[in-house]
Amino acid sequence: MVLVSSAERNYQERIRLERMRDNSNPFELAEEKFQKLFRLPRSAAFQLVSDLDDQRLDEGFIPKHLKVLSALQFFAQGSYQAAVGQDNFIALSQPSVSRCIKITADLIVEKLLPNCIKFPMTESEKLIAMTEFQELFNMPNTLGAVDGTHISIAKPSINHPTAPGNLFYNRKGFYSINCQIVCSAKGKIIGLNPNFPGSTHDAAIWRASTINHFFKSNFLSGERNQWLLGDKGYPLQPWLMTPLMAPTTEAERAYNNYALNDDNHYDVEIQDVNIVVEEENQDFLIEARQIPEELIQTHFNY
């Protein structure tokens, strides 16, 4: 009888998993099963792998498509890395999944973010945005709607020297990053600012935001016929329309009731976007140690 050492058994198991991994192809799954695992149609996921083509994805022995798909599954399922690493189909270890998540997330930000989340800057882009708001909500000269949404995070360290954990504890009773979102009339995200802890008020984030300074600069340069819409948590500015606190005329009441009513029109659109973001994030907690130092520091730059 030949005795096999524990080290030999571990080696054989590793080889078996590597062969399973290299021979697996999630794109061969049925469409329904694929979308359940990755929250994307196969065609969209395949396009994503192509769009993220980069030398960093070619490093190591894990096939490029499995690196991207293992990250997508983590993003879609909201489970921790260990659970993903034990998946029989992907067959990757937890450290490997962790590396796949990081490189995929970095590439998405570098390669896709500039084109996918883009504020209308050219005259033709602005005209399209304003036309959509005019046709859908009868609001002229409107480029977008702004609001904040809370992205859950694990409890940060209370003893952090510059950003103690209590800064991330929001008014809703959990730890978060308060992410400012600007969306179009059709609910497409066109602006994003995830650089502030959960205790920061929406208005404070807005005052420090690049998009606020962009509108202010344009206004001072004479471009005074374009604006965003915001709720009562934001300050009224020439480039930010908010509800009137004490409407007196019929026109003012119509403005509040039609354009900026919480139960109607644009606000439903931006809230729908926020609900989608928060639901996707509900079980997807960012490890506190993974919060970039520069993100935390940003809170103190205004």
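The structure we're discussing is the one just above.
Fair warning: this is a prediction, and the values are worked out from it, not measured in the lab.

J.: Describe the environment of Trp206, and please don't skip the residues or the numbers.
T.: Mapped onto the secondary structure, Trp206 falls in helix 9 (residues 202-208). Given the relative accessible area of 0%, Trp206 is considered buried.

J.: An account of the nonpolar core is needed here, citing residue identities and associated values.
T.: Soluble globular proteins tend to bury their nonpolar side chains together. Formed by 16 residues in total, the largest nonpolar core has its most connected members in Phe34, Phe38, Leu52, Val68, Leu69 and Leu72. Taken together, the elements giving at least two residues each to this core come down to helix 2 (31-38), helix 3 (42-51), helix 5 (64-77) and helix 7 (94-116). For Leu72, the residues in contact, after removing those within four places along its chain, are Phe38, Leu40, Ala45 and Leu48. Leu143, Val146, Val182 and Leu228 belong to the second largest nonpolar core, which has 15 residues in total.

J.: Would you mind going over the sheet that holds strand 2 (residues 176-183) in detail, with residue names and values included?
T.: If you walk across this open sheet you meet the five strands as 3-2-1-4-5, and the pairing is mixed. Since the sheet does not close on itself, it has two edges, and those belong to strand 3 (189-193) and strand 5 (240-241), each with one partner. Bridging between strand 1 (residues 142-152) and strand 4 (residues 227-229) involves three bridges; their strand directions are parallel. Paired with Ala145 across the bridge in strand 4 is Leu229. Across the sheet, helix 8 (residues 123-137) is in contact with strand 1, strand 2 and strand 4; its angle to strand 1 comes to roughly 85 degrees. Where helix 10 (residues 210-220) meets the sheet, it contacts strand 1, strand 2 and strand 4, and its direction lies at approximately 140 degrees from that of strand 4.

J.: Outline the packing of helix 3 against helix 5, supporting the account with residue identities and numerical values.
T.: Orientation of helix 3 relative to helix 5, taken along the N-to-C sense of each, is 120 degrees, at an axis distance of 10 Å. It follows that helix 3 is oblique to helix 5 by the angle criterion. As helix 3 packs across helix 5, the resulting crossing turns out to be right-handed. Contacts between helix 3 and helix 5 pair Ala45, Leu48 and Val49 from the former with Lys64, His65, Val68, Leu69 and Leu72 from the latter. For the contact of helix 3 with helix 5, the class distribution of residues is six nonpolar, one polar and one charged.

J.: Describe the side chain of Asn218, listing the residues and the values that go with them.
T.: Position of Asn218 relative to the elements: it lies in helix 10. Classification of Asn218 by relative accessible area gives buried; the value is 17%. If near-sequence neighbours (up to four positions away) are discounted, Asn218 is found in contact with Lys126 and Glu223.

J.: Break down the environment of Lys111 for me, citing the residues and quoting the values.
T.: With respect to the secondary-structure elements, Lys111 resides in helix 7. Looking at Lys111, the relative accessible area reads 31%, which means it is partly exposed. Sequence separation between Lys111 and Asp51 is 60 residues, and the spatial gap between their C-alpha atoms is 7.7 Å. Beyond its immediate sequence surroundings of up to four residues, Lys111 is in contact with Asp51, Leu52, Asp53 and Asp54.

J.: Tell me about the pattern of salt bridges, and please be specific about residues and values.
T.: Throughout the structure, instances matching the rule amount to 10 salt bridges. When the shortest N-O distance is used, the salt bridge between Glu31 and Arg42 registers 2.9 Å. Placement of Glu31 in helix 2 and of Arg42 in helix 3 is noted, with a sequence separation of 11 residues between them. On the basis of relative accessibility, which here comes to 28%, the residue Glu31 falls in the partly exposed class. In this structure Arg42 comes out as partly exposed when scored by relative accessible area, which is 28%. A single network of salt bridges, built from pairs that share partners, joins Asp54, Arg56, Glu110 and Lys111.

J.: Describe the environment of Lys216, with residues and values.
T.: With respect to the helices, strands and loops of the structure, Lys216 is situated in helix 10. The partly exposed category is assigned to Lys216, whose relative accessible area is 42%. For the pair formed by Lys216 and Pro238, sequence separation is 22 residues and the distance between their alpha carbons is 8.5 Å.

The rules behind each value
Sequence positions are assigned chain by chain, starting from 1 and proceeding in written order. Note on the predicted model: pLDDT of at least 70 is required for a residue's local features to be given, and 80 or more for side-chain atom pairs to be given and counted; whole-chain, interface and lining totals, by contrast, use all residues. Hydrogens are left out, water is left out, and the side-chain values use all remaining heavy atoms of the structure. Helix and strand definitions here come from DSSP, where helices need a minimum of 4 consecutive H or I residues and strands a minimum of 2 consecutive E residues; each element is numbered from the N-terminal end. Relative accessibility decides the category of a residue: with a 1.4 Å probe and only protein chains considered, values under 20% of the type maximum give buried, values over 50% give exposed, and everything between is partly exposed. Side-chain atoms within 4.5 Å link the members of a nonpolar core, which is a set of buried Ala, Val, Leu, Ile, Met, Phe, Trp, Tyr and Cys residues. Should any heavy atoms of two residues lie within 4.5 Å, those residues are considered in contact. The pairing criterion is simple: DSSP has to find at least two bridges between the two strands. Axes, fitted as lines to C-alpha atoms, cover a helix only where it is in contact. Angles between the N-to-C directions of the axes lie from 0 to 180 degrees. Here the angle decides the label: under 35 degrees means roughly parallel, over 145 means roughly antiparallel, 65 to 115 means roughly perpendicular, and every other value means oblique. Note on convention: the crossing is left-handed when the near helix lies turned anticlockwise from the far helix by less than a right angle, right-handed when the turn is clockwise. In this classification, Asp, Glu, Lys and Arg are treated as charged, Ala, Val, Leu, Ile, Met, Phe, Trp, Tyr, Cys and Pro as nonpolar, and every other residue, Gly included, as polar. Each reported salt bridge corresponds to a side-chain nitrogen of Lys or Arg within 4 Å of a carboxyl oxygen of Asp or Glu.

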